[in-house]
Amino acid sequence: MEKPRKQVEEELYGDVRRRQTIQDFAKSKSTSGSDLKLENAKKRNETLAETNSELLQSLDCLHEGGMSINRTSTNLKDVKGEYNNHQSRLRESKQHIKDLDRQARLNNLMIYGSFYFLILVVCYIVLKRIPVHRWIWDILMTTYGQVETLIDNSEQDSQMSTST
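Along each chain, numbering runs from 1 in the same order as the chain's sequence is written. Per-residue local features are limited, in this predicted model, to residues with pLDDT of at least 70; the limit for side-chain atom pairs, both in listing and counting, is 80 or more; totals at the level of whole chains, interfaces and linings are taken over all residues. Neither water nor hydrogens contribute to the side-chain values; these are computed over all heavy atoms in the structure.

Engineer: A description of the overall build of the protein should follow, citing residues and the corresponding values.
Structural biologist: Put simply, DSSP marks the helices as runs of H or I at least four residues long and the strands as runs of E at least two long, and each gets a number from the N terminus on. For the protein, the helix and strand inventory stands at three helices and zero strands. In the protein, the succession of helices and strands from N to C terminus is α-α-α. Each of the 164 residues in the protein was classed as buried or not, and the buried ones make up 7%. Accessible area for the protein stands at about 15000 Å²; split by element, carbon and sulfur atoms hold 61% of it. For the exposure calls, accessible area comes from a 1.4 Å probe over protein chains only, and a residue counts as buried if that area is under 20% of its type's maximum, exposed if over 50%, partly exposed in between. Here the Shrake-Rupley method, with its probe set to 1.4 Å, supplies the accessible areas, and only the displayed protein chains count as covering residues.

Here you go:
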């Protein structure tokens with residue numbers, strides 16, 4: 001995918017270097033050795049060499065930036081994969097919690113139902129063992145007898161008071 005640095009440099013700067021060298025050589029030959037033109041050519045060569053090194057440094061920075069972006073992209077993909085993994089685990093956990101909640105409600109219903117059934121059975125056994133019906137009948141009859149006696153006594157008292 002990525003070209004090696006040497007190949008990129010050669011593609012970008014190779015033709016420029018060759019042309020500049022040829023032009024400088026041609027200018028220096030055509031001037032018949034003039035020192036002034038030679039100095040200008042040297043300055044241009046130095047400027048071009050500085051520009052070339054700056055461009056190579058820029059290329060290195062861009063290459064490093066590209067590598068950093070690739071690493072960041074890879075890291076983001078890994079994070080997204082982890083997120084999806086955790087998301088599926090959370091969905092499974094939520095389903096398990098719902099199942100446990102439903103089971104807990106069913107268990108509570110069974111416990112309370114069993115408790116109330118036990119209370120009813122105990123009440124039935126106690127009522128069968130103890131003759132409560134007789135006690136209630138005896139209490140009712142005694143109360144009825146006492147009330148009759150009071151009514152009779154009050155009638156007798158009222159007759160005695162009218163006769164006197």
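So that's the structure; there's more coming.
Engineer: Mind laying out helix 2 (residues 35-129), listing which residues take part and the relevant values?
Structural biologist: Over its 95 residues, helix 2 extends 138 Å from the first C-alpha to the last, a length consistent with the 141 Å expected when each residue adds 1.5 Å. By the burial criterion, the buried members of helix 2 are Ala41, Asn52, Leu56 and Leu59. Multiplying one less than the number of residues by 1.5 Å gives the expected span of a helix.

Engineer: Pulling in residues and values, what's your account of the pattern of salt bridges?
Structural biologist: When charged atoms on two side chains of opposite charge get close, those side chains can pair. Here a salt bridge means any side-chain nitrogen of Lys or Arg lying within 4 Å of a carboxyl oxygen belonging to Asp or Glu. Under the criterion given, the structure shown has two salt bridges. With a closest N to O distance of 2.9 Å, aspartate 99 and arginine 102 form a salt bridge. With aspartate 99 and arginine 102 both in helix 2, this residue pair falls three residues apart, about one helical turn. The class of aspartate 99 is partly exposed, set by a relative accessible area of 31%. For aspartate 101, the salt bridge goes to arginine 105, with nearest N and O atoms at 3.1 Å. Taken together, the residues aspartate 101 and arginine 105, both in helix 2 and four residues apart, mark about one turn of the helix. Residue class for arginine 105 comes out exposed when judged on its relative accessible area of 53%.

Engineer: Can you lay out the confidence of the model for the protein for me, pointing to particular residues and giving the numbers?
Structural biologist: For every residue, the predictor reports its confidence as pLDDT, a number between 0 and 100. Confidence in the prediction of the protein, expressed as mean pLDDT, is 80, and 77% of residues score 70 or more. Mean pLDDT values over the elements of the protein span from 59, in helix 1 (residues 5-30), up to 88, in helix 2.

Engineer: Kindly report on a nonpolar patch on the surface, identifying the contributing residues and their values.
Structural biologist: Nonpolar side chains (Val, Leu, Ile, Met, Phe, Trp, Tyr) within 5 Å and like charges within 9 Å form the patches, drawn only from residues with over 30% relative accessible area and no salt bridge. On the surface, a nonpolar cluster with roughly 560 Å² of combined accessible area is contributed by Leu118, Val122, Val126, Ile130, Trp135 and Ile139. Elements that contribute at least two residues to the nonpolar patch include exactly helix 2 and helix 3 (132-163). With respect to the helices, strands and loops of the structure, isoleucine 139 is situated in helix 3.

Engineer: Describe in detail a negative patch on the surface, supporting the description with residues and values.
Structural biologist: Taken together, the side chains of Asp35, Glu39, Glu46, Glu50 and Glu54 define an acidic patch exposed on the protein surface. Mapped onto the elements of the fold, glutamate 46 is located in helix 2. His is not counted here, nor are the chain ends, while Lys and Arg score as positive and Asp and Glu score as negative. By convention, the charge on Lys lies at NZ, on Arg at CZ, on Asp at CG and on Glu at CD.

Engineer: Kindly report on the environment of threonine 143, identifying the contributing residues and their values.
Structural biologist: In this structure, threonine 143 sits in helix 3. A relative accessible area of 43% places threonine 143 in the partly exposed class. Looking at threonine 143, its side chain comes within polar contact range of the main-chain oxygen of isoleucine 139, at 2.7 Å. For the purposes of these results, a polar contact is taken to be a pair of N or O atoms within 3.5 Å, where, inside protein, one atom must be able to donate a hydrogen and its partner to accept one; residues adjacent in sequence count only when each atom of the pair is a side-chain atom.

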